[in-house]
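# Coordinate analysis (summary)
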Amino acid sequence: MLGRKTGVHHPRYEGKVDVAVREVKDLILREKVNFLIGPCSSGTGLAMQVVHSEYKVLRISAIANTEAQTVDKFSPYFVQVVPNTYMEAVAATRYFQKKVPKAKKFCTIGPDYDFGRREEAAFAQEIKKLVPDAEIVYEAWPKLGEKDFTAFITAIMPRNLMPCMALFLEVI
């Protein structure tokens, strides 16, 4: 492209911050990349941002969408092309509230890292605006990569929360 070499490298971060940082630094220093795309995880994206910004290498995020990448840790070397966690949670909250307008008690299940925590916080803030007497009666924080949600769902069931809205912030 314009006389420059192009290529694709698919590092396997496995959701591990130390691996992501090592791989990005290697791509920048050894492979001399001019830009990066990715990753999927907001947690690794935040860690990568420190490295690529230090070396003034542009990174585009098409999946990882924590608001921290664009607000808290702003960098001129980062572009996010998806809605961030705040935008996503507010839109979902407004949609769900219209679908179940009488719901006043809520349950949330979100992954226990920056993405899930920010989505739940934005949901809680927005639902209080829409339903002033709203109450979040249960929060669950499965670890990243959790495959079995039975215990979390089972914990919601005996609460007799009808009408209730359970918000599943992300299923990995």
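To keep things clear, this report deals only with the structure shown in the data block. The residue count restarts for each chain, going from 1 along the sequence in the order it is written. Reporting in this predicted model follows two pLDDT cut-offs: at least 70 for local features of residues, and 80 or more for side-chain atom pairs to be given and counted; totals over whole chains, interfaces and linings ignore these cut-offs and use all residues. Only heavy atoms go into the side-chain values, all of them from the structure, while hydrogens and water stay out.

Our next topic: the sheet that holds strand S1 (residues 35–37). Judged by pairing direction, the sheet is parallel, and its 3 strands sit side by side in the order S1-S2-S3 without closing on themselves. Sheet topology places S1 and strand S3 (78–80) at the edges, where each strand pairs with a single neighbour. Pairwise comparison of adjacent strand axes, ignoring direction, gives a mean angle of 15° for this sheet. The rule for pairing is simple: two strands pair if DSSP sees at least two bridges between them. Only DSSP runs of H or I with at least four residues qualify as helices, and only runs of E with at least two residues qualify as strands; both kinds are numbered from the N terminus onward. As paired elements, strand S2 (residues 58–61) and S3 share 3 bridges and run parallel to each other. Residue pairing in the sheet places Ser-61 in a bridge with Gln-80 of S3. It only takes one pair of heavy atoms within 4.5 Å for two residues to be counted as in contact. Working convention: axes come from line fits to C-alpha atoms, limited for helices to the stretch in contact. Angles between N-to-C directions cover 0 to 180 degrees. Most of the contacts of helix H2 (residues 42–54) go to S2, to which it runs at about 160°, and overall it touches S1, S2 and S3.

Aromatic pairs are defined between Phe, Tyr and Trp rings, using the six-membered ring for Trp, whenever the two ring centres lie within 6.5 Å; interplanar angles under 30 degrees are classed as stacked, those over 60 as edge-to-face, and all others as tilted. Going through the model one piece at a time under the given rule, you end up with 4 aromatic pairs. Relative to Phe-123, the ring of Phe-106 has its centre 5.7 Å away and its plane inclined at 70°; by these criteria the two rings are edge-to-face. Highlighted residues: Phe-106 in strand S4 (residues 105–109) and Phe-123 in helix H4 (residues 114–130), separated in sequence by 17 residues. Judged by relative accessible area, which is 1%, Phe-106 ranks as buried. By relative accessible area, Phe-123 is classed as buried at 0%. The side chain of Arg-117 reaches across the aromatic face of Trp-141, ending 3.8 Å from its centre. Summary of the burial criterion: residues with accessible area below 20% of their type's maximum are buried, those above 50% are exposed, and those between are partly exposed, where the area comes from a 1.4 Å probe applied to protein chains only. Lysine NZ or arginine CZ positioned within 6 Å of the ring centre and within 35 degrees of the ring normal marks a charge as sitting over the ring.

Residues Phe-35, Ile-37, Leu-58, Val-79 and Val-81 make up a contiguous nonpolar surface patch of about 440 Å² in total accessible area. Tracing the backbone shows Leu-58 in strand S2. By definition, no residue in a patch forms a salt bridge, and every one has over 30% relative accessible area; like charges are joined within 9 Å, nonpolar side chains (Val, Leu, Ile, Met, Phe, Trp, Tyr) within 5 Å. With residues, only the protein chains shown are counted as cover, and all accessible areas are computed by Shrake-Rupley using a 1.4 Å probe. Salt bridges are defined by distance alone: a side-chain nitrogen of Lys or Arg within 4 Å of a carboxyl oxygen of Asp or Glu.

With that settled, consider the environment of Val-19. Its place among the elements puts Val-19 in helix H1 (residues 17–29). Residues Val-19 and Thr-44, 25 residues apart in the sequence, show an inter-C-alpha distance of 8.7 Å.

This part takes up the pattern of salt bridges. Throughout the structure, instances matching the rule amount to 10 salt bridges. Across the salt bridge formed by Asp-133 and Lys-104, the nearest N and O atoms sit 3.6 Å from each other. Of this pair, Asp-133 sits in the loop between H4 and strand S5 (135–140) while Lys-104 sits in the loop between helix H3 (85–99) and S4, and the two are 29 residues apart along the sequence. For Asp-133, a relative accessible area of 48% corresponds to the partly exposed category. In this structure, Arg-117 and Asp-112 form a salt bridge, with 2.9 Å as the shortest nitrogen-oxygen distance. Relative accessible area serves as the criterion here: at 38%, Arg-117 is assigned to the partly exposed category. Put simply, Glu-67, Asp-72, Asp-114 and Arg-118 are held in one network by salt bridges that share partners.

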